[in-house]
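# Observations on chain architecture
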Amino acid sequence: MSGAAVAGLLLAAGGGSRFGGPKALVEFEGERLADRGVRLLAEGGCRPVLIVLGAADVPVAGAVVVRNPGWAAGMGSSLRAGLRALPPAAAAVVIALADQPLVRPEAVRRLIAAFEAGARVAVAAYGGAPRNPVLIAREHLEEVAALAEGDVGARPFLRAHPELVTAVPCDDAGDPVDVDTPADLCRLHEGRLHKE
């Protein structure tokens, strides 16, 4: 399995209703969340990297932009749009969310290493709990897309097939905390400042 192409897919199409605007455009540590997420996947070893945009339609360096005109229907529609756009050569895809800026490339590298060791579905785990990012081998993508509805992405597939899931410990490879509101972003900034 070593050397198989693993694509990266960043979901960044939402309107950010609780944030007050598209989170893809929000800056954290001088970088838009969209750019930060693309960098996460690229530095983690994904080729190519695709980003699904909807509410905010802006160029993102280093990524293939996939536009989802139906973004308002929820994350499921964005996941389906991204999966449809994957190149045929991709043997698997790592799916990440733009609003989790503290996840580091090492988490992505660990998922790819698990895939190369034989895992067909690999999920980053923090404190033993499965979160994001998630790697899924190509043979399962059709079912993932079929089960993705509303505001859920790959979760229904993962719950339907626990026997396929390899949990990959990533406690020391970042934090999957979500940025859903401006207050969340402030807490993130304060937390980083306190650590420095």
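Calculation criteria
Residue numbers restart at each chain and count upward from 1, following the sequence in its written direction. Under the rules for a predicted model, residues below a pLDDT of 70 receive no local features and side-chain atom pairs below 80 are neither given nor counted, while totals for whole chains, interfaces and linings still include all residues. With hydrogens and water set aside, each side-chain value is computed from the structure's full complement of heavy atoms. Note on geometry: axes are C-alpha line fits, over the in-contact stretch for helices, and angles between N-to-C directions span 0 to 180 degrees. In this description a helix means any DSSP run of H or I spanning at least four residues, a strand means any run of E spanning at least two, and both kinds are numbered starting from the N terminus. With respect to orientation, any angle under 35 degrees is reported as roughly parallel, any angle over 145 as roughly antiparallel, any angle of 65 to 115 as roughly perpendicular, and every other angle as oblique. Here a crossing is called left-handed whenever its near helix is offset anticlockwise from the far helix by less than a right angle, and right-handed whenever the offset is clockwise. Should any heavy atoms of two residues lie within 4.5 Å, those residues are considered in contact. Under the scheme applied, nonpolar residues are Ala, Val, Leu, Ile, Met, Phe, Trp, Tyr, Cys and Pro; charged residues are Asp, Glu, Lys and Arg; polar residues are all the others, including Gly. Note on terminology: pairs of cysteine sulfur atoms within 2.5 Å are recorded as disulfides. Note on scores: pLDDT gives the predictor's confidence for each residue, bounded by 0 and 100. Being paired, for any two strands, means DSSP has found at least two bridges between them. Whenever Lys or Arg places a side-chain nitrogen within 4 Å of a carboxyl oxygen from Asp or Glu, that contact is recorded as a salt bridge. One less than the residue count of a helix, multiplied by 1.5 Å, gives the span that helix is expected to have. To sort residues, take the accessible area from a 1.4 Å probe on protein chains only and compare it with the maximum for the residue type: under 20% means buried, over 50% means exposed, and anything in between is partly exposed.

### Topic: the packing of helix α1 (residues 33–43) against helix α3 (residues 105–116)
Contact geometry of α1 with α3 gives a least axis separation of 7 Å together with a crossing angle of 40°. Judged by the inter-axis angle, α1 sits oblique to α3. For the element pair α1 and α3, the recorded crossing hand is right-handed. Of the residues in α3, those in contact with Leu40, Leu41 and Glu43 of α1 are Pro105, Val108 and Arg109. Broken down by class, the residue content of the contact of α1 with α3 amounts to 4 nonpolar, no polar and 2 charged.

### Digging into the state of the cysteines
On inspection of all chains with the given rule, the structure shows 0 disulfides. Unpaired in this structure, Cys46 has its nearest cysteine sulfur neighbour in Cys170, at a distance of 13 Å.

### Quick look at the confidence of the model for the protein chain
Interpreting fine coordinate detail is not advised for predicted regions of low pLDDT. Per-chain confidence: the protein chain averages 90 in pLDDT, with 96% of residues scoring 70 or above. When mean pLDDT is taken per element in the protein chain, α3 scores highest with 98 and helix α6 (residues 182–195) scores lowest with 70.

### Let's talk about the sheet that holds strand β1 (residues 6–11)
What the 7 strands build is an open sheet, ordered β5-β4-β1-β6-β8-β7-β9; its pairing is mixed. On the outer flanks of this sheet lie β5 (64–67) and β9 (165–169), each paired with one strand and no other. Direction aside, the axes of adjacent strands within the sheet are offset by 25° on average. Direction of pairing for β1 relative to strand β6 (residues 92–97): parallel, over a ladder of 6 bridges. Among the inter-strand pairings, Val6 is bridged to a residue of β6, identified as Ala92. Its contacts with the sheet put α1 on β1, β4 (49–53) and β6, and the angle it makes with β1 is roughly 160°. Here α3 sits on the sheet and contacts β1, β6, β7 (121–126), β8 (129–137) and β9; the angle it forms with β8, its principal contact strand, is near 50°.

### Some details on the pattern of salt bridges
All chains considered together, the criterion is met by 14 salt bridges. We note a salt bridge from Asp35 to Arg32, for which the minimum N-O separation is 2.6 Å. Between Arg67 and Asp57 there is a salt bridge, with its nearest N and O atoms 2.7 Å apart. Residue Arg67 is located in strand β5, and its partner Asp57 is located in the loop between β4 and β5; the two are separated by 10 residues in the primary sequence. A cluster of three or more residues bridged by salt bridges with shared partners is formed by Glu29, Glu31, Arg36, Arg39 and Glu43.

### Focus on α3
The terminal C-alpha atoms of α3, which comprises 12 residues, lie 17 Å apart, in line with the 16 Å expected from a rise of 1.5 Å per residue. Every buried residue belonging to α3 is among Pro105, Ala107, Val108, Leu111, Ile112, Ala114 and Phe115, and all of these are buried. Buried-residue contacts for α3 involve β1, α1, β6, β7, β8 and β9. Remark: Gly118 follows α3 within two positions and exhibits a positive phi of approximately 120°.

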